[in-house]
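Chain and residue survey
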Amino acid sequence: MNRQNEIPGMRLIFAGTPQFAAVALERLYSAGFEIALVLTQPDRPAGRGLKLAPSAVKEFALEHGLPVAQPRSLRLDGKYPQDAVSAQQALVDARAEVMVVAAYGLILPQWTLDLPPRGCLNIHGSLLPRWRGAAPIHRAIEAGDERTGITIMQMDAGLDTGDMLLTEAIQIRPDDTTASLHDRLALLGGRLIVEALAAGAGLKATPQPSDGVTYAHKIAKAEAGIDWTQPAAQIERRLRAFDPFPGACTQIDDETVKIWRAELVDRQGTPGTVLAVDDAGPVLACGEQALRLLELQRPGGKRVSARAYLQARPLAPGRQLPSA
């Protein structure tokens, strides 16, 4: 990989865990920043075998010879004080000018925020103050927002409440899922953090407005169940918002079936009723209008077209599916 060495001598600490953060780490590395330390969450069980697997950030760091620390906590008075003490020493030894944070997953205590001379900059996947919190991409799609973006923020002790340094908006497409929007935002976040660090003191810190604050609460598996009494447009947005996790599901016979894609149909009926069935897929009545189901997944199976699903598990008009 060719490194541009645009910012020679700037040392930073990077804290992040999933692929969203790994994209930013790659951009920082490629731009020539000296990455003195990478913080990421401990390895987690993954896959059917539940073997411990490294985060996407750790994988990139190891591939490029970057030092990695994986504390379970950074709180010196918390459940894992020894982890925090070791991490504190590693951060001090890094002698970094700034820390960049992207979807790290651990709360940064005040001592961490105060340590780097330029503080800690966060790459947040929304246009703050809308969608502070853990799941801004999911919630923007679920709410039907027409646009979202990236905010580079100076971190403080609050939940995504710090001053804004750089923002850029993008449109949310009508067919965007969390997966597709995530990928575009990850690339945008990687570009903007490089621009923000390169600009240095030239960026103006803007306090977040008090109006328009919303919170993007963490996605829970319990939200996956489809309530057919809701409007079809709202259900369709949830299908896209919950793709790839946790998926939206309904009960058909003795199976919990995930519904991945659907389209609006201008029909009406008792919510949960199968109004029609053809090769394009079954049409389900909702609280307002209806949905044609286009892509489904049986337990243990793969995502398949509605036509392939119906060949294995026919649905007859008049059938009633329960609401969650």
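Residues numbered from 1 in each chain as written. Predicted model: local features only at pLDDT ≥ 70, side-chain atom pairs only at ≥ 80, totals over all residues. Heavy atoms only, no water.

A few words on the sheet that holds strand β9 (residues 147-154). In spatial order, the strands read β5-β2-β1-β6-β7-β9-β10; together these 7 strands make up an open sheet with mixed pairing. What marks the edges here is a single partner per strand, and that holds for β5 (68-69) and β10 (164-171). Sheet analysis places strand β7 (residues 120-124) next to β9, joined by 4 bridges and oriented antiparallel. Across the sheet, residue Ile123 finds its bridge partner in β9, namely Ile152. (Pairing = 2+ DSSP bridges. Helix = DSSP H or I, 4+ residues; strand = E, 2+ residues; numbered from the N terminus.)

For the rest of this paragraph, the subject is unusual backbone geometry. Residue Pro244 follows Asp243 across a cis peptide bond; omega there is 20°. You can see Pro244 is positioned in the loop between α7 (232-241) and β12 (248-252). Of note, the amide linkage connecting Phe245 to Pro246 takes the cis form, showing an omega dihedral of 0°. Inspection of the secondary structure puts Pro246 in the loop between α7 and β12. Backbone geometry at Gln289 places phi at a positive 60°, although glycine is not the residue there. Residue classification places Gln289 among the partly exposed residues on the basis of a relative accessible area of 30%. (Buried < 20%, exposed > 50% of the residue type's maximum accessible area, 1.4 Å probe, protein only.)

The sheet contact formed by β12 and strand β13 (residues 255-265) spans 5 bridges and is antiparallel. Considered in β13, the bridge of Gln251 is made with Thr256.

With that settled, the discussion passes to the pairing of strand β6 (residues 98-102). Burial runs high along β6: 5 of the 5 residues are buried. Judged by which residues are buried, β6 turns out to be covered on both faces: Val98, Val100 and Ala102 on one side and Met99 and Val101 on the other are all buried. Where β6 meets β7, 3 bridges bridge the pair, whose relative direction is parallel. Its bridge partner being in β7, Val101 is matched across the sheet by Asn122.

The next thing to look at is the side chain of Asp243. Position of Asp243 among the secondary structure elements: in the loop between α7 and β12. If we ignore the near neighbours within four places in the chain, the residues touching Asp243 are Thr177, Thr178, Ala179, Trp260 and Arg303. (Contact = heavy atoms within 4.5 Å.)

Following the criterion strictly, the structure yields 1 aromatic pair and no others. Their ring planes at 80° and their centres at 5.8 Å tell us that Tyr29 and Phe60 sit as a pair that is edge-to-face. Highlighted residues: Tyr29 in helix α1 (residues 19-30) and Phe60 in helix α2 (residues 56-63), separated in sequence by 31 residues. The exposure class assigned to Tyr29 is buried, which follows from its relative accessible area of 13%. For Phe60, a relative accessible area of 10% gives the class buried. A cation over an aromatic ring shows up here: Arg303 above the ring of Trp260, its NZ or CZ 3.6 Å from the ring centre. (Phe/Tyr/Trp six-rings, centres within 6.5 Å; stacked < 30°, edge-to-face > 60°. Lys NZ or Arg CZ within 6 Å of the ring centre and 35° of its normal.)

This brings us to a nonpolar patch on the surface. A surface patch of nonpolar side chains, about 250 Å² in accessible area, is lined by Leu159, Val213 and Tyr215. Structurally, Leu159 can be placed in the loop between β9 and β10. Residue classification places Leu159 among the partly exposed positions, given a relative accessible area of 49%. (Patch = residues over 30% accessible without salt bridge, like charges linked within 9 Å, V, L, I, M, F, W, Y side chains within 5 Å. Areas by Shrake-Rupley, 256 points an atom, 1.4 Å probe, with all protein chains shown as cover. Salt bridge = Lys/Arg side-chain N within 4 Å of Asp/Glu carboxyl O.)

On to the pattern of salt bridges, then. Pairs can form between side chains of opposite charge once their charged atoms are near each other. Summed over all chains, the structure comprises 23 salt bridges. Notably, a salt bridge pairs Glu223 with Arg139, separated by 3.0 Å at the nearest N-O pair. With Glu223 in the loop between β11 (215-216) and α7 and Arg139 in helix α5 (residues 136-143), this pair connects stretches of sequence that are 84 residues apart. Residue class for Glu223 comes out partly exposed when judged on its relative accessible area of 21%. Between Glu236 and Arg240 there is a salt bridge; the shortest N-O distance is 2.8 Å. Taken together, the residues Glu236 and Arg240, both in helix α7 and 4 residues apart, mark about one turn of the helix. Here Glu236 and Arg240 have matching classes, each one buried. One connected set of salt bridges, linked through shared partners, spans Asp253, Asp254, Glu255, Arg298, Arg313 and Arg319.

A separate point is the nonpolar core. In terms of nonpolar packing, the biggest core is built from 48 residues, with Phe14, Leu28, Ile123, Ile193 and Leu197 touching the most fellow members. Ranked by residue count, the leading element in this core is helix α6 (residues 178-199), at 9 residues. Beyond its immediate sequence surroundings of up to four residues, Phe14 is in contact with Ala21, Ala24, Leu25, Leu28, Leu37, Val38, Leu39, Val57, Val100 and Ala102. One finds Ile226, Ile252, Cys286 and Leu321 within the second-largest nonpolar core, a separate group that totals 21 residues. (Core = buried A, V, L, I, M, F, W, Y, C linked by side-chain atoms within 4.5 Å.)

What follows concerns the packing of α5 against α7. Helix-helix packing is described using two parameters, namely the angle between the two axes and the distance between the axes. Look at α5 against α7: their axes get within 7 Å of each other, and the N-to-C directions meet at 160°. As judged from the angle between their axes, α5 and α7 are roughly antiparallel. Seen from above, α5 lies across α7 with right-handed handedness. Where α5 approaches α7, its residues His138, Ile141, Glu142 and Ala143 are matched on the opposing element by Arg237, Arg238, Arg240 and Ala241. When the residues that make up the contact of α5 with α7 are grouped by side-chain class, the tally is 3 nonpolar, 1 polar and 4 charged. (Axes fitted to C-alpha atoms, helices over the stretch in contact; angles between N-to-C directions. Parallel < 35°, antiparallel > 145°, perpendicular 65-115°, else oblique. Left-handed = near helix turned anticlockwise from the far one by under 90°. Nonpolar A, V, L, I, M, F, W, Y, C, P; charged D, E, K, R; others polar.)

Interpretation in functional terms is not warranted from these geometric data alone.
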